[in-house]
Amino acid sequence: MGARILLIEDEAKLARFVELELCYEGYEVTKAYDGRSGCELAVSGGFDLVLLDIMLPELNGMEVLRRIRRGSSVPVIMLTARDSVTDKVAGLDLGADDYITKPFAIEELLARIRTAFRKISSVQDSEVLSASGLLMDIKRRTVTVNGDQIELTKREFDLLHFLLKNKNLVMTRETLLENVWDFDFDGGTNAVDVYIRFLRGKIDEVYQMKLIHTVRGVGYVIKDEQ
Ligand code: CA
């Protein structure tokens, strides 16, 4: 199934032409002819990308973009009718990902769409957390120090992940238990201490580093020392 594109464009002929070309490329296209219905569709979710005209009846494209950005990071490419610098700057300021000036060649639009999708996938691929020379690749579920891969159990990985996500913030044992262990776990907060010891044994001790700090009477924190 192709990526789902929402096209908000009031010029019916142009919308139809773009729709046909996008379908031919394997995208699934939904059209809206005015700002209000387009906005409703966009914020309802379910689209991978939005093509948004600026001059639209009912709600203009800038307002639609503003409303989309209140709750969604879906990529938006603005279709600007004029070669207006103000529109482009305003659109990018409001969180548009790109813009294309009408009239455009369909090849150029397709290229912009591919670029927008590439950007998303590279952001997703490179989700890496780090502290003091340790790198955690979330997607690949790998942890490395100085290029050495460290073997962690699922629980150890999840605990380290949670501490890294909250780097420089002290996490209480209770917070760690609630977020890393299952809700019905009743083994007590010393389970946290046990797993912190496991992590220190595999990381701090082996690499002679101080990654996980104890805050006496409170909990644990990973500080970024670099
Ligand atoms: Ca228009």
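Bear in mind that the values here come from a model prediction, so they are computed numbers and not experimental data. (Residues numbered from 1 in each chain as written. Predicted model: local features only at pLDDT ≥ 70, side-chain atom pairs only at ≥ 80, totals over all residues. Heavy atoms only, no water.)

1. A look at the environment of G38
Okay, step 1: Topologically, G38 is positioned in helix α2 (residues 35–43).
Okay, step 2: Note on G38: relative accessible area 0%, which makes it buried.
Okay, step 3: In sequence terms G38 and I150 are 112 residues apart; their C-alpha atoms lie 48 Å from each other.
Okay, step 4: Dropping the residues within four chain positions of it, G38 is found in contact with L6, I8 and A32. (Helix = DSSP H or I, 4+ residues; strand = E, 2+ residues; numbered from the N terminus. Buried < 20%, exposed > 50% of the residue type's maximum accessible area, 1.4 Å probe, protein only. Contact = heavy atoms within 4.5 Å.)

2. A short note on the coordination of the calcium ion
Okay, step 1: For the calcium ion, every protein donor is listed as D10 (OD), D53 (OD) and M55 (O), and the spread of their distances is 2.1 to 2.3 Å.
Okay, step 2: Taking the relative accessible area as the measure of exposure, D53 reaches 1% and is therefore buried. (Donors = N, O, S within 2.8 Å, 3.2 Å for Na, K, Ca; no water.)

3. Section: the domain arrangement of the protein
Okay, step 1: Taken domain by domain, the protein consists of domain 1 (4–125) and domain 2 (128–222).
Okay, step 2: Summarising the inter-unit geometry, the C-alpha centres of domain 1 and domain 2 are found 41 Å apart. (Domains from an automatic or database assignment.)

4. Some thoughts on the packing of aromatic side chains
Okay, step 1: Inspection of the entire model under this criterion finds three aromatic pairs.
Okay, step 2: Aromatic pair W181 and Y195: ring centres 5.6 Å apart, planes at 75°, arrangement edge-to-face. Of this pair, W181 sits in the loop between α7 (173–180) and α8 (190–202) while Y195 sits in helix α8, and the two are 14 residues apart along the sequence.
Okay, step 3: When the ring of Y195 is compared with that of F198, the centres are 5.1 Å apart and the planes differ by 80°; the resulting orientation is edge-to-face. Here Y195 and its partner F198 are both found in helix α8, three residues apart, which amounts to about one turn of the helix.
Okay, step 4: For Y195, a relative accessible area of 22% corresponds to the partly exposed category.
Okay, step 5: Through a chain of ring-to-ring contacts, the aromatic side chains of W181, Y195 and F198 assemble into a single cluster. (Phe/Tyr/Trp six-rings, centres within 6.5 Å; stacked < 30°, edge-to-face > 60°.)

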